[in-house]
Amino acid sequence: QVQLVESGGGLVQAGGSLRLSCGASGSIFSINVMRWYRQAPGKQRELVAGITSGGSTNYVDSVKGRFTISRDNAKKTVYLQMNSLKPEDTAVYYCNALLQEGWGTFPFRNYWGQGTQVTVSS
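Draft legend 1. Representation of the pairing of strand β9 (residues 91-101). Among the 11 residues of β9, 9 are classified as buried, and the element is accordingly described as predominantly covered. Pairing of β9 with strand β11 (residues 116-121), which is carried by 3 bridges, proceeds in the antiparallel orientation. Note that in β11 the partner of Tyr93 across the bridge is Thr116. Here β9 pairs with strand β10 (residues 109-112) via 4 bridges, running antiparallel.

In structure tokens:
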């Protein structure tokens, strides 16, 4: 019943900006960590950024200073503000959430969004 819905992907020129959003819906008791991953053609999926329920963040070195992850706990939504985009940022971006379903009696599990394409032209 849990679903992650993403939006905000698209095509931009190098140096431009995009803001990705991912909202979680369904029977959710608690969301611990929300993350953004990306996967470029021919490459493995990599963790781009993560944010805890308390607001602690981390980023892969290649996006530090350019990307900002944030969350709205009331809306169960995570955002990724991407500035100064580079062609090497081109990838499918996936939302991930470590969450607890139902009445809080189940273990935390990872859920994934469908992915959204980000393409940065030179």
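Still more to cover.
Draft legend 2. Representation of the side chain of Arg71. Tracing the backbone through its elements, the reader meets Arg71 in strand β7 (residues 67-72). In terms of polar contacts, Arg71 uses its side chain to reach the backbone carbonyl oxygen of Ile51, at 3.4 Å. One polar contact links Arg71 to Asn73, side chain to side chain, over a distance of 2.7 Å.

Draft legend 3. Local environment of the pairing of strand β8 (residues 77-82). Summarising burial for β8: 5 of the 6 residues are buried, a large majority. Pairing between β7 and β8: 6 bridges, direction antiparallel. The residue bridging Ser70 from the neighbouring strand is Tyr79, located in β8. Counting the residues in the hairpin turn of β7 and β8 gives 4 residues, including Lys76, whose phi is positive at 55 degrees.

Draft legend 4. View of the layout of surface pockets. Put simply, the largest pocket is a space of about 190 Å³. Taken together, 13 residues line the largest pocket, and the ones lying closest to its centre are Arg38, Ala40, Lys43, Glu46 and Glu88. Tallied by class, the residues present in the lining of the largest pocket amount to 2 nonpolar, 4 polar and 7 charged.

Draft legend 5. Expanded view of the nonpolar core. One finds Trp36, Phe67, Val78, Leu80, Met82 and Tyr93 to be the most contacted residues of the largest nonpolar core, which totals 30 residues. Secondary-structure elements contributing two or more residues to this core are β3 (18-25), β4 (28-39), β5 (46-52), β7, β8, β9 and β11. The greatest single-element share of this core, amounting to 5 residues, is contributed by β9. Contacts of Val78, omitting those with residues within four sequence positions, involve Leu20, Ser21, Cys22, Met34, Trp36, Ile51, Ile69, Ser70, Arg71 and Cys95.

Criteria and thresholds
- Residues numbered from 1 in each chain as written.
- Predicted model: local features only at pLDDT ≥ 70, side-chain atom pairs only at ≥ 80, totals over all residues.
- Heavy atoms only, no water.
- Buried < 20%, exposed > 50% of the residue type's maximum accessible area, 1.4 Å probe, protein only.
- Helix = DSSP H or I, 4+ residues; strand = E, 2+ residues; numbered from the N terminus.
- Pairing = 2+ DSSP bridges.
- Polar contact = N/O pair within 3.5 Å; in protein donor to acceptor, adjacent residues only side chain to side chain.
- 1 Å grid on protein atoms, 1.4 Å probe; cavity = no way out; pocket = protein on both sides within 12 Å on 5 of 7 lines; lining within 4 Å.
- Points joined across faces, edges and corners; volume = space filled by probe spheres on them.
- Nonpolar A, V, L, I, M, F, W, Y, C, P; charged D, E, K, R; others polar.
- Core = buried A, V, L, I, M, F, W, Y, C linked by side-chain atoms within 4.5 Å.
- Contact = heavy atoms within 4.5 Å.

That's the geometry; what it means functionally is another story.
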